[in-house]
Amino acid sequence: MDLLKGYDGASPEEESQFNDWLMPFVDYMVKEESIKNNHHIFQTLFLLCSAHILKDVALFKKSIGFYLNGLRTQINKEGFLPYELIRGERAATYTLMALEGLFQIAHIASLHGVYGLMEKSSYFGGSLKPALDHLLDFIQEKDSWSFMRKDLDKPGFAHEGSFSITEIAQQKTKLYDSGYLFEPALSCWKDSRCEFIKKR
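Residues numbered from 1 in each chain as written. Predicted model: local features only at pLDDT ≥ 70, side-chain atom pairs only at ≥ 80, totals over all residues. Heavy atoms only, no water.

Colleague: I'm lost on helix H3 (residues 38-54) in this one. Help?
Modeller: Note: α-helices contain 3.6 residues per turn, so residues at a spacing of three or four share the same orientation. For H3, spanning 17 residues, the distance from its first C-alpha to its last is 24 Å, which sits close to the expected 24 Å at 1.5 Å a residue. Measuring from the backbone nitrogen of His-39 back to the side-chain oxygen at the start of H3 gives 3.0 Å, which picks out Asn-37 as the cap. (Helix = DSSP H or I, 4+ residues; strand = E, 2+ residues; numbered from the N terminus. Expected span 1.5 Å × (residues − 1). Polar contact = N/O pair within 3.5 Å; in protein donor to acceptor, adjacent residues only side chain to side chain.)

See the structure below:
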């Protein structure tokens, strides 16, 4: 919706219709997931984006609460995500996916005046940027994680589409460091429609 509005592609009436369409999904997702894995992360991301679209301050605050509640146990002191490690051969790609969701939540929150989520730590002392650095170390020096060797040697693991998983992770790091996650829609995030959170 932000992209459409940014290019004058949605009228106020269409925006209202979209909001009406969105609400049943929000109602369905608003009960917090009990297991704090990638399901919880992307539930939180969906609700945060929905709060932005609907200009719903209470939902925004609830989403931030979900993020903080989940982060308490999602990253251990070594930088692993325990709930994603149990994926076995898929642990690395699930870890990358989970970190992407966590970084997006923190970035979107910062665009609404809620800062510091990237620096928050779990109960165990783990936080986002070191966790991503740790994953990159694993991808680039895969012999150092011998217990994951089967994962990396599996045919097709190293590529998602036409890009290697290393390239994907490196590009994500550049985006997070620069602050540009959604460049085409950045003007939409920064304009007055984002002020509904900051003013209350």
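Anyway, onward from the coordinates.
Colleague: Looking at this structure, how should I read the nonpolar core?
Modeller: In globular proteins that are soluble, nonpolar side chains generally tend to be buried together. In this structure, Tyr-67, Leu-99 and Leu-128 are the most contacted members of the largest nonpolar core, which totals 34 residues. Secondary-structure elements contributing two or more residues to this core are helix H2 (12-29), H3, helix H4 (57-74), helix H6 (91-111) and helix H7 (128-140). Per-element accounting of this core gives the leading share, 10 residues, to H6. (Core = buried A, V, L, I, M, F, W, Y, C linked by side-chain atoms within 4.5 Å. Buried < 20%, exposed > 50% of the residue type's maximum accessible area, 1.4 Å probe, protein only.)

Colleague: I'm lost on unusual backbone geometry in this one. Help?
Modeller: In terms of backbone geometry, most residues other than glycine have negative phi values and most peptide bonds are trans. Its identity is not glycine, yet Lys-55 carries a phi of approximately 55°, on the positive side. Along the chain, the position of Lys-55 falls in the loop between H3 and H4. According to the relative accessible area criterion, Lys-55 is partly exposed, its value standing at 33%.

Colleague: Explain the packing of aromatic side chains to me, please; I cannot follow it from the model alone.
Modeller: Any two aromatic rings considered together are summarised by their centre-to-centre distance and by the angle between their planes. For the structure on display, the rule yields two aromatic pairs. Measuring from centroid to centroid gives 5.4 Å for Phe-18 and Trp-21, while their planes differ by 35°, and the two rings are tilted. Separated by three residues within a single helix, Phe-18 and Trp-21 lie in helix H2, roughly one turn from each other. With centroids separated by 4.8 Å and ring planes inclined at 50°, the aromatic side chains of Trp-21 and Phe-25 adopt a geometry described as tilted. One end of the pair, Trp-21, and the other, Phe-25, are both in helix H2, four residues apart, so they sit about a helical turn from each other. (Phe/Tyr/Trp six-rings, centres within 6.5 Å; stacked < 30°, edge-to-face > 60°.)

Colleague: What am I meant to see in the packing of H2 against H3 here?
Modeller: Each pair of packed helices can be summarised by the angle the axes make with each other and by the distance between the axes. At a minimum axis separation of 11 Å, H2 and H3 run at an interaxial angle of 145°. Note that H2 runs across H3; the crossing there is left-handed. Across the interface between the two elements, Phe-18, Asn-19, Leu-22, Met-23, Phe-25, Val-26 and Met-29 from H2 touch Gln-43, Phe-46, Leu-47, Ser-50, Ile-53 and Leu-54 from H3. Each residue belonging to the contact of H2 with H3 can be placed in one class, and the counts come to 10 nonpolar, three polar and no charged. (Axes fitted to C-alpha atoms, helices over the stretch in contact; angles between N-to-C directions. Left-handed = near helix turned anticlockwise from the far one by under 90°. Contact = heavy atoms within 4.5 Å. Nonpolar A, V, L, I, M, F, W, Y, C, P; charged D, E, K, R; others polar.)

Colleague: Teacher, can you tell me more about the pattern of salt bridges here?
Modeller: Close approach of charged atoms allows side chains with opposite charge to pair. In this structure the tally under the stated criterion is three salt bridges. Linking Glu-84 and Arg-87 is a salt bridge whose minimum nitrogen-to-oxygen distance equals 3.4 Å. Comparing Glu-84 with Arg-87 shows no difference in burial state: the two are buried. Linking Asp-133 and Lys-129 is a salt bridge whose minimum nitrogen-to-oxygen distance equals 3.1 Å. Residue Asp-133 and its partner Lys-129 are located together in helix H7, separated by four residues, close to a single helical turn. Relative accessible area serves as the criterion here: at 32%, Asp-133 is assigned to the partly exposed category. (Salt bridge = Lys/Arg side-chain N within 4 Å of Asp/Glu carboxyl O.)

Colleague: Help me out: how do you make sense of the packing of H6 against H7 in this one?
Modeller: It is at 10 Å that the axes of H6 and H7 come closest, and there the two elements cross at 150°. Between H6 and H7, the interaxial angle falls into the category roughly antiparallel. The way H6 lies across H7 gives a crossing that is left-handed. Of the residues in H7, those in contact with Ala-92, Thr-95, Leu-96, Leu-99, Leu-102, Phe-103 and Ala-106 of H6 are Leu-128, Lys-129, Ala-131, Leu-132, Leu-135 and Phe-138. (Parallel < 35°, antiparallel > 145°, perpendicular 65-115°, else oblique.)

Colleague: Explanation requested: the confidence of the model for the chain in the structure shown.
Modeller: Reading predicted coordinates in detail is not appropriate for stretches of low pLDDT. For the chain, the mean per-residue pLDDT works out to 76, and 66% of the residues sit at or above 70. Between the elements of the chain, mean pLDDT differs from a low of 36, seen in strand S1 (residues 159-160), to a high of 96, seen in H4. Considering only residues more than four positions removed or in separate chains, one finds that residues 147-165, a stretch of pLDDT under 50, has 33 contacts. Every residue in residues 179-200 is under pLDDT 50, and counting partners more than four places away or in other chains gives 46 contacts. (pLDDT = per-residue confidence, 0-100.)

Colleague: Help me understand H4 in this model?
Modeller: Compared with the 26 Å implied by 1.5 Å per residue over 18 residues, the 25 Å span of H4 between its first and last C-alpha is a close match. Taken residue by residue, H4 has Val-57, Leu-59, Phe-60, Ser-63, Ile-64, Phe-66, Tyr-67, Gly-70, Leu-71 and Gln-74 as its buried positions. Its side-chain oxygen placed 3.2 Å from the backbone nitrogen of Ala-58, Asp-56 serves as the N-cap of H4.

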